[in-house]
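Here is how the chains run, residue by residue.
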Protein chains: 2
Amino acid sequence: MSALPQPLAQTQAAFDGWMKSVQAAIEVALQGFLPPVTQAPQRLHEAMHYAVLDGGKRVRPLLVFGAGALFDAPVDTMTRAAAALEMIHAYSLVHDDMPCMDDDALRRGKPTVHVQYDEATALLVGDALQAQAFLVLSETAASPVTTLPMLRLLAHAAGSNGMCGGQAIDLASVGVSLSLAQLEQMHQLKTGALLRASVLLGAMAGQHLNADQTAALDAYATAVGLAFQVVDDVLDATADSATLGKTAGKDAADNKPTYVSILGLEPSRLLAEKLRDDAHQAIQSFGDKAQRLRQLADLIVQRKA
Amino acid sequence: MSALPQPLAQTQAAFDGWMKSVQAAIEVALQGFLPPVTQAPQRLHEAMHYAVLDGGKRVRPLLVFGAGALFDAPVDTMTRAAAALEMIHAYSLVHDDMPCMDDDALRRGKPTVHVQYDEATALLVGDALQAQAFLVLSETAASPVTTLPMLRLLAHAAGSNGMCGGQAIDLASVGVSLSLAQLEQMHQLKTGALLRASVLLGAMAGQHLNADQTAALDAYATAVGLAFQVVDDVLDATADSATLGKTAGKDAADNKPTYVSILGLEPSRLLAEKLRDDAHQAIQSFGDKAQRLRQLADLIVQRKA
């Protein structure tokens, strides 16, 4: 830290502190928004906690709060949107890890839900988490006029024209030679839809968006979403399982197309840098209030796990 | 028909006609509310249509329209609520039939989704249908003030304190000796939560309910929901697979507790009759407008499949 020029160090320290506070707040919120483990059916509720708590970088909540800062969104609405997104994300991981999908045994450094519990429980955990996500967002203190479009956006992002659709394309792409455009389309649904929803929900928690604002945030979210995936592929090809907290080299072993397999390693790194610049560019008009979103784009490209 | 006294015959014919019109309308609506099969990912969308269309008695939509008649609810809102409920119900069947749950090969006289497609597709079909249910209901023409509480109720009914919770208890009860009270509690969540939601959503589509109205409809829905399950158990023990459109005798073979295994066959039939009377009693105060709900209670107890 002492080697950095002072203003930059302060900025970085402030960002790190902000990140930690969002991550801590969302952990507490998630705990409160999940049914208590003491309540029947206890095994299901315990497994829901296991799947959601104490794990992940909370990228989606960070994007919600980063975008919420643009319009000084109320904390309760941002928190519920962030928790709902994390529940949808967590359920998708639980189902994705199941034997009939990716058949993975390790997630966030812990045994996956179907390994720790059993397959039937993993199936129900995912199903119940999706319902819980909509419940949590539906109970925001914001007006129904604010909340309803947020629920609509979340449902669209989670469904067959969003995340589930991306997973279906991913499934169909095993062993198939995809073009770069097809790979992008798959990721824009599989992970991009929820990342985009995170940015938009954070902003919508603060105010009704006009077309220009929506377009700017869309462009930011698209760039960040793709950058996230490109970096994921780079890390999958270069990092080890202990660092990642999940099985490394899995995509190559599964014969799944990745940015690295299509573009090569160094061009993938350069692409991630370009997408980061695109993200910065997209939100220039928001000025200082977009600082957190800019820093999040940097973080996503620079992360090591 | 000619053997019946004329007024009763007319009433029954009118009810049959009403039922057929609701069933036909919901079939058309579901088709329109699902993403088209021509849209990518096509296999997923095709499997979603396969899971939802051309099947089932549409009991939940009938309850929605029956309860909606109490307050002259707008057709669009009732239709969307009914379609959302059918999507949730259909997704739960798809997941419930999977090898890690009940491992069933036949449903509504057709191969189950994981048999017709594959397990991964079945998993995604269920996940995408749940999201689609919330999307469809969120897009009603009713005001956000009407729609938001309906979404909240649906999310609660679908989740771990509703349908998913009931399935978790069901899973845990295989080979276990349940008391009648425990069996009732399981069914009140597993199938009862969604049937109750059907009645309440239909009524809420028409007007904001006061406490007395909610209590009366709750009592009706609870009685009808239990009657539905008791009759299911009786049919499972007495009918054949061809009539049921699903594997008969499955619960006994799976060593699952049923009303028939706990009470015996004839006492189960008597219980269903008593629950039908309870249902009638509960909605007496609504007078003539509750005619469809009364007829539905009769239908549920008298059905042969």
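It should be noted that the structure appears before, not after, this text.
Small disclaimer: the values here were computed from a predicted structure and weren't measured. The written sequence of each chain sets the order in which its residues are numbered from 1. Written order determines the labels here, with chains lettered from A and ligands numbered from 1. Local features are withheld for residues below a pLDDT of 70 in this predicted model, meaning they are given only at 70 or higher, and side-chain atom pairs are given and counted only at 80 or more; totals for whole chains, interfaces and linings count all residues. Derived side-chain values reflect all non-hydrogen atoms in the structure, with water molecules and hydrogen atoms excluded from consideration.

Caption draft 1: Quick look at the overall build of chain A. Scanning chain A from N- to C-terminus turns up 16 helices and two strands. Across its three principal axes, chain A shows a C-alpha extent of roughly 50 × 50 × 40 Å. When burial is assessed residue by residue, chain A has 57% of its 305 residues classed as buried. Any two residues having at least one pair of non-hydrogen atoms within 4.5 Å are treated as being in contact. Partitioning the contacts of chain A with sequence separation of at least 6, the portion at a separation of at least 24 is 72%. Per-residue accessibility takes into account occlusion by the displayed protein chains alone, with areas from the Shrake-Rupley method and a 1.4 Å probe. Element-wise, carbon and sulfur atoms account for 56% of the exposed surface of chain A, whose accessible area totals about 11,800 Å². In this text, helices come from DSSP runs of H or I with a minimum length of four residues, and strands from runs of E with a minimum of two, each type numbered from the N-terminal end. Per-residue accessibility, obtained with a 1.4 Å probe over protein chains only, is compared with the maximum for each type, and a residue is labelled buried under 20%, exposed over 50%, and partly exposed between these values.

Caption draft 2: Representation of the relation of the copies chain A and chain B within the structure. Copy-to-copy superposition: least squares on the C-alpha atoms, limited to residues that have pLDDT of at least 70 in both copies. It takes a turn of 180 degrees to lay chain A on chain B, together with a shift of 0.0 Å along the axis; the resulting RMSD is 0.0 Å. Put plainly, the chains are arranged around a two-fold axis. Considering only C-alpha atoms, the part of chain A nearest the rotation axis is Pro144 of chain A, at 2.6 Å. The share of interface residues of chain A whose copies in chain B are also at the interface is 100%, consistent with both copies meeting through the same surface.

Caption draft 3: Representation of the packing of aromatic side chains within the structure. Residue and element names in this part refer to chain A. Between rings of Phe, Tyr and Trp, where Trp is taken as its six-membered ring, a pair exists when centres lie within 6.5 Å; planes separated by under 30 degrees are stacked, by over 60 edge-to-face, and by other angles tilted. Within the structure shown, the criterion is met by seven aromatic pairs over all chains. Summarising the aromatic geometry, the rings of Phe15 and Trp18 are spaced 5.8 Å apart at their centres and angled 25 degrees between planes, so their arrangement reads as stacked. Within this pair, Phe15 and its partner Trp18 are both found in helix 1 (residues 6-33), separated by three residues, close to a single helical turn. Phe15 gets classed as buried once you look at its relative accessible area, which sits at 3%. Of the residues examined, Trp18 reaches a relative accessible area of 16% and is grouped as buried.

Caption draft 4: Highlighting the packing of helix 3 (residues 59-68) of chain A against helix 16 (residues 291-302) of chain A. Residue and element names in this part refer to chain A. Closest axis-to-axis distance for the helix 3/helix 16 pair is 8 Å, and the angle between their directions is 155 degrees. For the element pair helix 3 / helix 16, the angle class is roughly antiparallel. Across from Val59, Leu62, Leu63, Gly66 and Ala67 in helix 3, the residues of helix 16 making contact are Arg292, Leu293, Leu296 and Ile300. Residues were grouped as follows: Ala, Val, Leu, Ile, Met, Phe, Trp, Tyr, Cys and Pro as nonpolar; Asp, Glu, Lys and Arg as charged; and all remaining residues, including Gly, as polar. When grouped by side-chain class, the residues that make up the contact of helix 3 with helix 16 number seven nonpolar, one polar and one charged. Note on method: axes are straight lines fitted to C-alpha atoms, helices fitted across the in-contact stretch only, with angles between N-to-C directions ranging 0 to 180 degrees. Angles are sorted into four bins: roughly parallel if under 35 degrees, roughly antiparallel if over 145, roughly perpendicular if 65 to 115, and oblique for all others.

Caption draft 5: Spotlight on the interface of chain A and chain B. In this complex, chain A contributes 43 residues to the contact, which on the side of chain B involves 43 residues. Interface of chain A and chain B: buried area, both sides summed, is about 3,500 Å²; carbon and sulfur atoms make up 73% of it. Of all residues in chain A, Leu124, Leu148 and Ser160 of chain A bury the most surface against chain B, accounting for 16% of the area lost on that side. By salt bridge we mean one thing: a side-chain nitrogen of Lys or Arg within 4 Å of a carboxyl oxygen of Asp or Glu. Taken together, chain A and chain B are joined by zero salt bridges. Polar contact is the term for a pair of N or O atoms within 3.5 Å; when the atoms are in protein, one must be able to donate a hydrogen and the other to accept it, and sequence-neighboring residues count only if both atoms are side-chain atoms. Across the contact surface, chain A and chain B share twelve residue pairs in polar contact (both at pLDDT 80 or more). Every element with two or more residues in the side of chain A that touches chain B is listed here: helix 2 (42-52), helix 4 (75-96), helix 6 (119-138), helix 7 (144-158) and helix 8 (163-172) of chain A. It is helix 6 of chain A that contributes the most residues to the side of chain A that touches chain B, twelve residues altogether. Of the residues belonging to the side of chain A that touches chain B, the class tally is 26 nonpolar, 13 polar and four charged. Throughout, buried area stands for the accessible area (probe radius 1.4 Å) lost by two parts on being put together, summed over both.

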